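Structure at a glance
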Amino acid sequence: KWFLSFDLMQGRWNLCIIWQVTGSCFDSLGGRKRARLMEGSKKKRKRYGGAAQGNRRPLDGSHEEPMPLPNPMVGFNLPNDRLRSVTRRLPQQAIGPPFFYYENVALAPKGVWATISRFLYDIEPEFVDSKHLCAAARKRGYIHNLPIENRFPLLPLPPKTIFEAFPHYKKWWPSWDPRRQLNCLQTSMSSAKLTERIQCALASSGNPPPKSVQKYVMDECRKWNLVWVGKNKVAHLEPDEVEYLLGFPRDHTRGVGKTERFKSLGNSFQVDTVAYHLSVLKDMYPNGVNVLSLFTGIGGGEVALHRLGIHMRTVVSVEIGEVNRRILRGWWDQTQTGTLIEIADVKSLTDDRIATFVRRFGGFDLVIGGSPCNNLAGSNRHHRDGLEGEQSALFYHYFRIVDAVKSAMGRM
Ligand code: SAH
């Protein structure tokens, strides 16, 4: 468990961490998919303590406890934040090559993060809302075994407010819209109908509009991240604005349909946030890194490494979306000199294939990826069936693959 406390004497925040490896912090194992995946890896599981040592809870979920989310959601530290200093000791089984970095939505159903954490060697998640690093919110959990000292941010630091990012929106921004930052950038955009409805509602009321109209408009603006582009006129962000907010180069996703661009961008990393965490690799690997990139999407991890000036000697990228693969390949060919190997499905990356790659490249320095959140994220109420959902269960492949790399590198 962890919480922030304000030290009145010293006038600073302290992050207090009580890490409970066993007992009620963790939920129970179960589920067919997982059982299949875990077959034959019982020996490995012993290393992780927890479940393997008789701490399994009853299957009814009655002992599940949600992982408490820190408030403010700033992770272990933030750029230029000298007041907070957190040290962490990784569980023994989490130490040693490869470095790995896992990402998913912070607000997942009960027990999800506890399970993910238990599989990933009992490492405590680092929850960060990217609103502390850029102009849009993005609440994500990260589990990684990277050092957390001496991180540095990408420069220039991204703008932190809407008006700093897009000064021209000031012109039409009504005084009763208090937003200074955007909400989480989503995978879909608002309809033209909605913009029209909002315009009608405002045109037929006075200035300022009555509270009820203000509330209606603000709710929609917050939900869809609408910005003011004219008198009474709101619009959704353009894909190049979303690229900018997420730290991608301009036109990174250009050349595919708008809907596809929003979808891929909505699922991607916030580059400045991830780069801040990965920055510790820069001094460690002056000759570059070999990366195994799982669920690559549009390459948020690769763009972060590139912007940090970390050379990628080899990237083995696993991404099922053909459009996403095309976007990554386009960017790679323009910016990189290393080797990119593309694989479509994590399921086809067998332990044998992993061992072959490890021998061929002398191991992977980093395994990075965020598995799909379709069954976890709040907006998907219909299929919010947790980690056992068809898409979300792909997390277990992330674990399987990291573990296979670990074993193969252990044999080197
Ligand atoms: N971090 C990425 C996005 C991750 S979203 C970025 O920065 O862009 C999860 C990704 O997993 C999606 O791009 C989705 O297409 C991909 N995916 C879904 N199922 C997959 C599978 N079976 N194998 C490989 N990739 C898959």
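Residues numbered from 1 in each chain as written. Predicted model: local features only at pLDDT ≥ 70, side-chain atom pairs only at ≥ 80, totals over all residues. Heavy atoms only, no water.

1. Some points on the overall build of the chain
The line we're drawing: In DSSP terms, a helix is any run of H or I states spanning at least four residues, a strand is any run of E spanning at least two, and both are numbered starting from the N terminus. Exposure categories follow from relative accessible area, calculated using a 1.4 Å probe and restricted to protein chains: below 20% of the type maximum is buried, above 50% is exposed, and the middle band is partly exposed. Here, residues are in contact when the closest pair of their heavy atoms is within 4.5 Å. The method behind every accessible area is Shrake-Rupley, applied with a 1.4 Å probe, and residues are considered shielded solely by the protein chains displayed.
Helices and strands together make up the secondary structure of the chain, namely 14 helices and 11 strands. A total of 412 residues make up the chain; the buried ones form 55% of that total. Looking at the chain alone, contacts between residues at least 24 apart form 72% of all its contacts between residues at least 6 apart. Accessible area of the chain: about 19400 Å², with a carbon and sulfur share of 51%.

2. Focus on the sheet that holds strand β9 (residues 312-318)
Inclusion rule: The pairing criterion is simple: DSSP has to find at least two bridges between the two strands. Working convention: axes come from line fits to C-alpha atoms, limited for helices to the stretch in contact. Angles between N-to-C directions cover 0 to 180 degrees.
Taking strand neighbours across the sheet as the criterion, the 7 strands line up as β4-β5-β3-β11-β8-β9-β10 in an open arrangement whose pairing is mixed. Strand pairing shows two members of the sheet lacking a second neighbour, β4 (126-129) and β10 (339-343), which therefore form its edges. Neighbour to neighbour, the strand axes of the sheet diverge by 20 degrees on average, direction disregarded. Sheet topology note: the strand β3 (residues 99-105)/strand β11 (residues 366-369) ladder contains 4 bridges and is parallel. Residue pairing across strands places Tyr101 opposite Ile368, the latter belonging to β11. Strand contacts of helix α11 (residues 300-307): β8 (289-294), β9 and β11, with the helix running at about 170 degrees to β9, the strand carrying the most contacts. Relative to the sheet, helix α12 (residues 322-335) contacts β9 and β10, its axis offset from that of β10 by approximately 175 degrees.

3. Quick notes on the site of the ligand
Rules: A single heavy atom is enough: if one lies within 4 Å of a molecule or strand, its residue is considered near that molecule or strand. Polar contacts, as used here, are pairs of N or O atoms within 3.5 Å; protein pairs need one atom able to donate a hydrogen and one able to accept it. Residues neighboring in sequence count only if both atoms are side-chain atoms. In this classification, Asp, Glu, Lys and Arg are treated as charged, Ala, Val, Leu, Ile, Met, Phe, Trp, Tyr, Cys and Pro as nonpolar, and every other residue, Gly included, as polar.
Not every one of the 19 residues close to the ligand is listed here, only the nearest: Phe269, Ile298, Glu319, Asp345 and Val346. Ile298 places a main-chain nitrogen or oxygen 3.0 Å from an oxygen atom of the ligand. Residue Ile320 places a main-chain N or O atom 3.2 Å away from a nitrogen atom belonging to the ligand. Its residues placed into classes, the shell around the ligand shows 8 nonpolar, 9 polar and 2 charged.

4. Here's the deal with the pattern of salt bridges
Put simply, the rule reads: Throughout this description, the term salt bridge denotes a Lys or Arg side-chain nitrogen within 4 Å of a carboxyl oxygen of Asp or Glu.
Tallied over the entire structure, the rule returns 13 salt bridges. One salt bridge in this structure joins Glu103 and Arg140, with 3.1 Å as the shortest N-O distance. Placement of Glu103 in strand β3 and of Arg140 in strand β5 (residues 139-144) is noted, with a sequence separation of 37 residues between them. Residues Glu103 and Arg140 agree in their burial class; the two are buried. Of the charged contacts, one joins Glu126 and Arg151 as a salt bridge, the two residues approaching to 2.8 Å between their closest N and O atoms.

5. Some details on the UniProt feature "active site" (unreviewed entry) in the chain
Definition in use: UniProt positions are given in the numbering used here, feature names are shortened, and annotations may be inferred rather than shown by experiment.
On the UniProt side, "active site" (unreviewed entry) is annotated at positions that read Cys373 here. Topologically, Cys373 is positioned in the loop between β11 and α14 (395-410). Not counting the four nearest positions on each side in its chain, Cys373 is found in contact with Asn104, Val105 and Ser392.

6. Quick word on α11
With 6 of its 8 residues buried, α11 lies for the most part within the structure. Residues Gly300, Gly301, Glu302, Val303, Ala304 and Leu305 constitute the buried set of α11. Against the buried residues of α11 lie α9 (271-278), α10 (281-284), β8, β9, α12 and β11.

7. So, the state of the cysteines
The condition is simple: Cysteine sulfur atoms are paired as a disulfide whenever they fall within 2.5 Å.
Overall, the coordinates contain 0 disulfides when judged by the stated rule. Its sulfur unpaired, Cys134 is 9.8 Å from the next cysteine sulfur, which belongs to Cys184. Assessed through its relative accessible area of 2%, Cys134 is described here as buried.

8. A few points about the environment of Met67
Note on placement: Met67 falls in the loop between α2 (42-47) and β3. You can call Met67 buried: its relative accessible area is 17%.

9. Describing the environment of Trp173
Among the secondary structure elements, Trp173 is positioned in the loop between α4 (162-165) and α5 (192-203). Along the sequence, Trp173 and Val234 sit 61 residues apart, while their C-alpha atoms lie 9.4 Å from each other. The contact partners of Trp173, leaving out residues within four places of it in the chain, are Ile162, Phe163, Arg179, Arg180, Leu226, Val227 and Trp228.

10. Considerations on unusual backbone geometry
With an omega of -5 degrees, the peptide bond running from Leu155 to Pro156 counts as cis. By the secondary structure assignment, Pro156 is in the loop between β5 and α4. In this structure, the amide linkage connecting Asn207 to the following residue, Pro208, adopts the cis form with an omega of 0 degrees. Relative to the elements of secondary structure, Pro208 occurs in the loop between α5 and α6 (211-224). Phi is positive for Asn80, which is not a glycine, with a value near 60 degrees. Within the fold, Asn80 resides in the loop between α2 and β3. Assessed through its relative accessible area of 58%, Asn80 is described here as exposed. Positive phi is not limited to glycine here, since Asn225 has a value of about 55 degrees. Looking at where Asn225 falls in the secondary structure, it is placed in the loop between α6 and β6 (227-230).

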